[in-house]
Amino acid sequence: MTTNHISKKTQGDITGALHIMVIVLSLALIVWISIDTFQHISYLDNTAYMTFQGWVCAVFMLDFVAGLIFADKKWQYIRHRWFFFVLSVPYLNIIAATHWQFTGQELYFLRFIPLLRGALALSIVVGYMTSNRITSVFMTYILVCLAVIYFASLIFMEREMPVNPAVTGYFSSLCWACLESTTL
């Protein structure tokens, strides 16, 4: 079936549903990564997480492909959204399957790549939901700031807790992230 036989409304419904799935799955990844970080669980050894992360990346790729299929100007779509596809590749699954060796710190940062895709999708949805461009930019800015503070606090806790006695738990790393974000 070609896209000529699918109405614009149906195309919009399909892409809208995929966007919602991307956001929900991104939030699920955030929760899973947070729980694993708090419990010091190695995610490469956690087959449930790796399977879930692989399926999430597959949905992200499906979202990109559906948008490409329904786009009127395919090359323009690719030019503006190629980064979404790059973020959708299941790098952790590829690393696990090929047995490439990375440090724990490198793997921890690679784990956040699918979340970037979700953050980008969420900013697009915020753009659609707001009434004007200024509100859209402001809401996206607030959303990105909150996401950066949260992810920075997780990373800080993961890296500093073993070596810094001042980091006693998540609250101290969250305080650090808030302090750094407001002073920088």
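Keep in mind that this is a model prediction, so the values were computed, not measured. (Residues numbered from 1 in each chain as written. Predicted model: local features only at pLDDT ≥ 70, side-chain atom pairs only at ≥ 80, totals over all residues. Heavy atoms only, no water.)

### Some thoughts on the pattern of salt bridges
Quick reminder of the rule: Salt bridge, as used here, is a side-chain nitrogen of Lys or Arg placed within 4 Å of a carboxyl oxygen of Asp or Glu. Secondary structure follows DSSP: runs of H or I at least 4 residues long count as helices, runs of E at least 2 residues long count as strands, and numbering of each begins at the N terminus. Partly exposed residues are those whose accessible area sits between 20% and 50% of the maximum for their type, while under 20% is buried and over 50% is exposed, using a 1.4 Å probe and protein chains only.
On inspection of all chains with the given rule, the structure shows two salt bridges. In this structure, Asp 72 engages Lys 8 in a salt bridge whose closest nitrogen and oxygen atoms are separated by 3.2 Å. Within this pair, whereas Asp 72 is found in the loop between α2 (47–70) and α3 (74–88), its partner Lys 8 is found in helix α1 (residues 8–38), the two being separated by 64 residues in sequence. Just as Asp 72 is exposed, Lys 8 falls in that class too. Here Asp 13 and Lys 9 are joined by a salt bridge, their closest N and O atoms 3.1 Å apart. On the criterion of helical spacing, the pair formed by Asp 13 and Lys 9 is a turn pair, its members being four residues apart in helix α1.

### Concerning the nonpolar core
To be explicit about the condition: In these notes, a set of buried Ala, Val, Leu, Ile, Met, Phe, Trp, Tyr and Cys residues joined through side-chain atoms within 4.5 Å is what counts as a nonpolar core.
Counting 17 residues, the largest nonpolar core has Tyr 49, Val 56, Leu 92, Tyr 108 and Phe 112 as its most contacted members. Residue assignment for this core shows that the elements contributing at least two residues are α1, α2, α4 (91–98), α5 (104–110) and α7 (133–160). Broken down by element, the residue count for this core peaks at five residues, all from α2.

### So, the environment of Val 59
Counted only if it meets this: We call two residues in contact whenever any of their non-hydrogen atoms come within 4.5 Å of each other.
By secondary structure assignment, the location of Val 59 is in helix α2. Sequence separation between Val 59 and Leu 18 is 41 residues; the distance between their C-alpha atoms is 7.6 Å. The contact partners of Val 59, leaving out residues within four places of it in the chain, are Met 21 and Leu 25.

### Topic: the packing of α1 against α2
Our working rule: Helix axes use the C-alpha atoms of the stretch in contact, all axes being lines fitted to C-alpha atoms, and the angles between their N-to-C directions lie in the range 0 to 180 degrees. Just so you know how the angles are binned, under 35 degrees is roughly parallel, over 145 roughly antiparallel, 65 to 115 roughly perpendicular, and the rest oblique. Take the far helix as your reference; a near helix turned counterclockwise from it by less than a right angle gives a left-handed crossing, and one turned clockwise gives a right-handed crossing. Asp, Glu, Lys and Arg are counted as charged, while Ala, Val, Leu, Ile, Met, Phe, Trp, Tyr, Cys and Pro are counted as nonpolar; the rest, among them Gly, fall into the polar class.
Contact geometry of α1 with α2 gives a least axis separation of 10 Å together with a crossing angle of 155 degrees. In this view, α1 runs roughly antiparallel relative to α2, as classed from their interaxial angle. Crossing of α1 over α2 shows left-handed handedness. Counted by class, the contact of α1 with α2 contains 18 nonpolar, five polar and three charged residues.

### Regarding the packing of aromatic side chains
Heads up, the condition is: Geometry of aromatic contacts follows a simple scheme: Phe, Tyr and Trp rings, the Trp one being its six-membered ring, pair when their centres are within 6.5 Å, and the pair is stacked under 30 degrees between planes, edge-to-face over 60, tilted otherwise.
In this structure the tally under the stated criterion is nine aromatic pairs. Aromatic pair Trp 32 and Tyr 49: ring centres 5.7 Å apart, planes at 70 degrees, arrangement edge-to-face. Here Trp 32, found in helix α1, pairs with Tyr 49, found in helix α2; they are 17 residues apart in sequence, far enough to count as distant. Overall, Trp 32 belongs to the partly exposed group, its relative accessible area being 24%. Clustering of aromatic rings is evident, with ring pairs tying together Phe 38, Tyr 150, Phe 151 and Tyr 170.

### Structural notes on the side chain of Asp 63
Defined as follows: Under the rule applied, a polar contact is a pair of N or O atoms within 3.5 Å (in protein, one hydrogen donor and one hydrogen acceptor; residues adjacent in sequence only if both atoms are side-chain atoms).
Following the sequence through the fold, Asp 63 ends up in helix α2. The class of Asp 63 is buried, set by a relative accessible area of 3%. Looking at Asp 63, its side chain comes within polar contact range of the side chain of His 19, at 3.3 Å.

### Observations regarding unusual backbone geometry
Its identity is not glycine, yet His 99 carries a phi of approximately 60 degrees, on the positive side. Among the secondary structure elements, His 99 is positioned in the loop between α4 and α5. What makes His 99 exposed here is its relative accessible area of 62%.

### Comments concerning α1
Formally: In this scheme, a helix's expected span is set at 1.5 Å multiplied by one less than its residue total.
For α1, spanning 31 residues, the distance from its first C-alpha to its last is 45 Å, which sits close to the expected 45 Å at 1.5 Å a residue. Gln 11, Thr 15, Leu 18, Val 22, Ile 23, Leu 25, Ser 26, Leu 29, Ile 33, Ser 34, Asp 36 and Thr 37 are the residues of α1 that are buried. One or two steps after α1, the chain reaches His 40, where phi turns positive at roughly 55 degrees.

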